[in-house]
Amino acid sequence: MAIHDILKMGDPRLLRVAQAVTAFDTPQLHDLVRDMQETMAHAHGAGLAAPQIGVDLQVVIFGSGQVNPRYPDAPPIPVTVLINPTLTALDPLESEDWEGCLSVPGLRAVVPRWQRIRYQGMDAHGLVIDRVAEGFHARVVQHECDHLIGKLYPMRVRDFSRFGYTDVLFPGISALEDD
Ligand code: NI
């Protein structure tokens, strides 16, 4: 197991469309997931995608099973390993909220996301995941899955007047987690 360096915006490896995983329940896949979990915990992230540690595979992890202090009213997001995901918007409604990213340290922006989605994929054992999510849960899934198609949240920003440095936007709350 190992904590990996997290690639930062500007690294071309963050712009690739990731490859699908073809073999499940292998030692290599379980090692990758463990490394991602350690790396995310070390960085206090709410989620992490394999491309962020330079691995060109469709693997994301998210959720802590606990209420996120930034979204105290949102129900906890289950601890999830999601592989080869597909997302479907279930409603044309979008919502706006602040996002950060471990690959874009020190910055925050308001990002529009689908309010309600269905996400499908597999876990590391090859078991099917098929869920409906809304609000913060749906936002985190969309943010992480965007990493698998080479999209970082600044590419989704529409109103750049709400894009800035975390310590300026939220003075005194510098310990906020990044996504
Ligand atoms: Ni991110």
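Above this note sits the structure.
Everything numeric in this text was worked out from a predicted model, so none of it was measured. (Residues numbered from 1 in each chain as written. Predicted model: local features only at pLDDT ≥ 70, side-chain atom pairs only at ≥ 80, totals over all residues. Heavy atoms only, no water.)

A.B. asks: Help me understand the coordination of the nickel ion in this model?
C.D. replies: Tetrahedral coordination by four donors places them ideally at 109.5 degrees to one another around the metal; octahedral coordination by six donors ideally gives 90 or 180 degrees. Protein coordination of the nickel ion is provided by C101 (SG), H143 (NE2) and H147 (NE2), with donor distances spanning 2.1 to 2.3 Å. Along the chain, the residues donating to the nickel ion are arranged with the sequence spacing C-x41-H-x3-H. With a gap of 46 residues between them, C101 in the loop between β4 (94-99) and β5 (107-114) and H147 in helix α2 (residues 135-147) connect regions that are remote in the sequence. You can call H147 buried: its relative accessible area is 1%. (Donors = N, O, S within 2.8 Å, 3.2 Å for Na, K, Ca; no water. Helix = DSSP H or I, 4+ residues; strand = E, 2+ residues; numbered from the N terminus. Buried < 20%, exposed > 50% of the residue type's maximum accessible area, 1.4 Å probe, protein only.)

A.B. asks: How should I be thinking about the side chain of D146 in this particular structure?
C.D. replies: Looking at where D146 falls in the secondary structure, it is placed in helix α2. A polar side-chain atom of D146 sits 2.9 Å from a polar atom in the side chain of R113. Not counting the four nearest positions on each side in its chain, D146 is found in contact with R113, K151 and R156. (Polar contact = N/O pair within 3.5 Å; in protein donor to acceptor, adjacent residues only side chain to side chain. Contact = heavy atoms within 4.5 Å.)

A.B. asks: Could you clarify how one ought to interpret the nonpolar core in this entry?
C.D. replies: For soluble globular proteins, the rule of thumb is that nonpolar side chains tend to be buried together. Within the largest apolar cluster, 18 residues are counted, with the highest numbers of intra-cluster contacts made by V60, F62, L82, I117, Y119, F136 and V141. Counting only elements with at least two residues in this core, the list comes to β2 (59-62), β6 (116-122), β7 (128-134) and α2. In terms of residue count, α2 provides more of this core than any other element does, five residues in total. Setting aside its immediate chain neighbours within four residues, V141 contacts F62, L82, L87, I117 and Y119. In this structure, I6, L29, V59 and L102 belong to the second largest nonpolar core, which totals 16 residues. (Core = buried A, V, L, I, M, F, W, Y, C linked by side-chain atoms within 4.5 Å.)

A.B. asks: Before we go on, may I ask you to explain the pairing of strand β3 (residues 80-89) in this structure?
C.D. replies: Pairing analysis gives four bridges linking β2 to β3, with the strands arranged antiparallel. The residue of β3 that forms the bridge with V59 is I83. (Pairing = 2+ DSSP bridges.)

A.B. asks: I'm lost on the pairing of β5 in this one. Help?
C.D. replies: The two faces of a sheet get side chains in turn, since along a regular strand they alternate between them. With respect to burial, β5 is a largely interior element, seven of its eight residues being buried. As paired strands, β4 and β5 are joined by six bridges and run antiparallel to one another. In the sheet register, E94 faces β5, and the bridge partner there is W114. Examined bridge by bridge, β5 and strand β8 (residues 163-165) share three bridges and lie antiparallel to one another.

A.B. asks: Hey, could you run me through the sheet that holds β4 in this one?
C.D. replies: The strands making up a sheet are joined through hydrogen bonds of the backbone, oriented either antiparallel or parallel. Across the sheet, which stays open at both edges, the three strands sit in the order β4-β5-β8 with antiparallel pairing between neighbours. Unpaired on one side and paired on the other, β4 and β8 mark the two borders of the sheet. Between one strand axis and the next, the sheet turns by 25° as a mean value, whatever way the strands run. Lying on the sheet, α2 is in contact with β4 and β5; it crosses β5 at an angle near 105°. (Axes fitted to C-alpha atoms, helices over the stretch in contact; angles between N-to-C directions.)

A.B. asks: Can you help me understand the pattern of salt bridges in this one?
C.D. replies: Between side chains of opposite charge, a pair can form when the charged atoms approach closely. Taken as a whole and judged by the stated rule, the model has 11 salt bridges. Of the charged contacts in the structure, one is a salt bridge between E99 and R139, with a shortest N-O distance of 2.8 Å. Placement of E99 in strand β4 and of R139 in helix α2 is noted, with a sequence separation of 40 residues between them. Accessibility expressed as a relative area gives 1% for E99, which makes it buried. Exposure remark for R139: the relative accessible area of 4% places this residue in the buried category. In this structure, D130 and R118 form a salt bridge, with 2.6 Å as the shortest nitrogen-oxygen distance. One end of the pair, D130, is in strand β7; the other, R118, is in strand β6, and 12 residues separate them in sequence. Classification of R118 as partly exposed rests on a relative accessible area of 31%. (Salt bridge = Lys/Arg side-chain N within 4 Å of Asp/Glu carboxyl O.)

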